[in-house]
Amino acid sequence: MNKTSAPQFSFEFFPPRTPVGETKLDAVHAELAALGPEFFSVTYGARGTTKVGTRKIVLRFKALGSTMTPHLSFGGSSEPEVEQLLEEYRAEGIDRLVVLRGDIPSDSSSTVTYRYASELVEFIRLKTGDHFHIDVACYPEIHPESSSYDADIGFFKQKVDAGANSAITQYFYNADAYFNFVENCAAIGMDIPIVPGIMPITNFANLSRFSVNCGAEIPRWISQRVMAFGEDQKSISAFGIDVVTRLCERLREGGAPGLHFYTMNQAKSVKQIWQNLGLSE
Ligand code: FAD
């Protein structure tokens, strides 16, 4: 499987939009920090809209002793603006980034030009050398805008060739998609750690909607089981924890070099899955 030193377990947050959301996230961070993850990452809004919010959360939890990894995209910012942010992060002791093109908002009125993640990886290496460990995104079930599986893997390789150190996948519920993807990446010479992104199943309606847009497939057997639970949220939650725990077990048994949890700023399911996997022992 992929080359790595120690398995890496990490959690992802998004910057809250309200003071109430921030207070809630403080509590979630405290609960999850107690589990001892390698790092927390914080997403960066489309068009750079959360530039301030992302940095604020990164610095807030860093001050509490957590290792923090901001996400970053050009998102319509100029090169000098991005360079300034990189310098600020470097001065603040941040040494790892998740580098992306970013989601393109659905309203087509925007005049922003979205630059590929590989261009930002190149830019960061040019401006800051090897200072940052760079993670990039990849898609075992293919990025929805890609013309083909091979083209998508080829563009993923461009990011690695530009200097990415490791990758985090889009979430998926089919372990074979991941193993097959990793094998295909290895076949064209990529040997960086490819860490599975794990999405707990909590709000199923939101998850289904989001999955259509991001190209992640929810297997029919999972949606059928969830639908059969109707409004019984407790059963949906227990089923979701069981399904995702088994997925993580299979990934770990198959040699996945860690797990990155999309927490959706909630601790409960992630914490239960983490405990089921015995990761804190
Ligand atoms: P890229 O690698 O640039 O690829 C985008 C598309 O263009 C793909 O279809 C690719 O195959 C194609 N492509 C790449 N290079 C070329 C080229 N040279 N010529 C032609 N086509 C090319 N979104 C956010 O807005 N903020 C976040 O913080 C965020 N965090 C994420 C974290 C992870 C781990 C993941 C998996 C996704 C995240 N996303 C985030 C979503 C991501 O921004 C979207 O999936 C976006 O549509 C693609 O981003 P990318 O970095 O993979 O893009």
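Refer to the structure printed above.
Within every chain, residues take consecutive numbers counted from 1 along the sequence as written. Local features in this predicted model are restricted to residues of pLDDT 70 or higher, and side-chain atom pairs are both shown and tallied only at a pLDDT of 80 or more, whereas totals for entire chains, interfaces and linings draw on every residue. Side-chain descriptors were evaluated using all non-hydrogen atoms of the structure, hydrogens and water having been removed beforehand.

A.B. asks: When you look at unusual backbone geometry in this model, what are you seeing that I'm missing?
C.D. replies: Among all residues save glycine, negative phi is the norm, and among peptide bonds the norm is trans. Its identity is not glycine, yet I142 carries a phi of approximately 75°, on the positive side. Relative to the helices and strands, I142 resides in the loop between β5 (133-138) and α5 (149-161). Buried residues are those whose accessible area, probed at 1.4 Å on protein chains only, stays under 20% of the maximum for their type, while exposed residues exceed 50% and partly exposed ones sit between those limits. Given a relative accessible area of 25%, I142 falls into the partly exposed group. Phi is positive for N265, which is not a glycine, with a value near 60°. Positionally, N265 belongs in the loop between β8 (258-262) and α10 (268-276). Residue classification places N265 among the buried positions, given a relative accessible area of 13%. Here a helix means four or more residues in a row that DSSP labels H or I, a strand means two or more in a row labelled E, and each is numbered from the N terminus.

A.B. asks: Would you mind showing me how to read the packing of aromatic side chains here?
C.D. replies: Aromatic rings in a pair are described by how distant their centres are and how their planes are angled relative to each other. Each aromatic pair joins two rings of Phe, Tyr and Trp (for Trp, the six-membered one) with centres within 6.5 Å, and gets the label stacked for planes under 30 degrees apart, edge-to-face for over 60, and tilted for any other angle. Going through the model one piece at a time under the given rule, you end up with 16 aromatic pairs. Taken together, a centroid distance of 5.4 Å and an interplanar angle of 70° make the contact between Y178 and F179 edge-to-face. For the pair formed by Y178 and F179, the shared burial category is buried. The rings of F9, F11, F13, F40, F61, F261 and W274 are connected pair by pair, giving a single aromatic cluster. A cation over an aromatic ring shows up here: R115 above the ring of F74, its NZ or CZ 4.1 Å from the ring centre. Whether a charge sits over a ring comes down to the Lys NZ or Arg CZ being within 6 Å of the ring centre and within 35 degrees of the ring normal.

A.B. asks: I keep staring at the state of the cysteines and nothing clicks. Help me out?
C.D. replies: Disulfides are covalent bonds that connect the sulfur atoms of two cysteines. Two cysteine sulfurs form what is called a disulfide whenever their separation falls within 2.5 Å. The tally for this structure, following the rule as stated, stands at 0 disulfides. C248 takes part in no disulfide bond, and the closest cysteine sulfur to it belongs to C138, at a distance of 16 Å.

A.B. asks: Which parts of the structure should I look at to understand the site of the ligand?
C.D. replies: If you check the shell around the ligand, you find 23 residues, and the closest are Y44, R101, Y139, H143 and K159. Polar contacts here mean pairs of N or O atoms no more than 3.5 Å apart (in protein, one a potential hydrogen donor and the other a potential acceptor; neighbouring residues in sequence count only if both atoms are side-chain atoms). Contact between the ligand and R101: an oxygen atom at 2.7 Å from a side-chain N or O atom of the residue. In the model, an oxygen atom of the ligand is placed 3.2 Å from a nitrogen or oxygen of the G102 main chain. Each accessible area is a Shrake-Rupley result for a 1.4 Å probe, and residues are judged covered by the shown protein chains and nothing else. Burial of the ligand by the surrounding chains reaches 87%, relative to a free accessible area of 980 Å². Those elements giving two or more residues to the shell around the ligand turn out to be α5 and β6 (166-171). With 4 residues, the top contributor of residues to the shell around the ligand is α5. Three residue categories are used. Nonpolar comprises Ala, Val, Leu, Ile, Met, Phe, Trp, Tyr, Cys and Pro, charged comprises Asp, Glu, Lys and Arg, and polar comprises the others, including Gly. When grouped by side-chain class, the residues that make up the shell around the ligand number 10 nonpolar, 8 polar and 5 charged. Neighbouring residues are identified by heavy atoms, a residue being near a molecule or strand if any of them is within 4 Å of it.

A.B. asks: Any chance you could explain the side chain of Q170 here in plain terms?
C.D. replies: Position of Q170 among the secondary structure elements: in strand β6. Among residues more than four places away in sequence, those in contact with Q170 are C138, Y139, P140, G197, C214 and Y262. By definition in these notes, contact holds between two residues if any of their heavy atoms fall within 4.5 Å.

A.B. asks: When you look at the side chain of R96 in this model, what are you seeing that I'm missing?
C.D. replies: Residue placement: R96 occurs in strand β4 (residues 96-99). Among the polar contacts made by the side chain of R96, one reaches the side chain of Q8 at a distance of 2.7 Å. Engagement of the side chain of R96 in a polar contact is seen with the side chain of H133, the distance being 3.3 Å.

A.B. asks: Looking at this structure, I do not really get helix α8 (residues 220-229). What am I missing?
C.D. replies: Turning to α8, its buried residues are I222, S223 and V226. On an axial view of α8, the arc spanned by its buried residues comes to 95°, and they lie on one face. Along α8, exposed side chains directed more than 90 degrees from the buried face belong to R220, W221 and A228. Looking at the residues trailing α8, positive phi occurs at G230, about 60°. Here the arc refers to the directions that run from the helix axis out to each C-beta atom.

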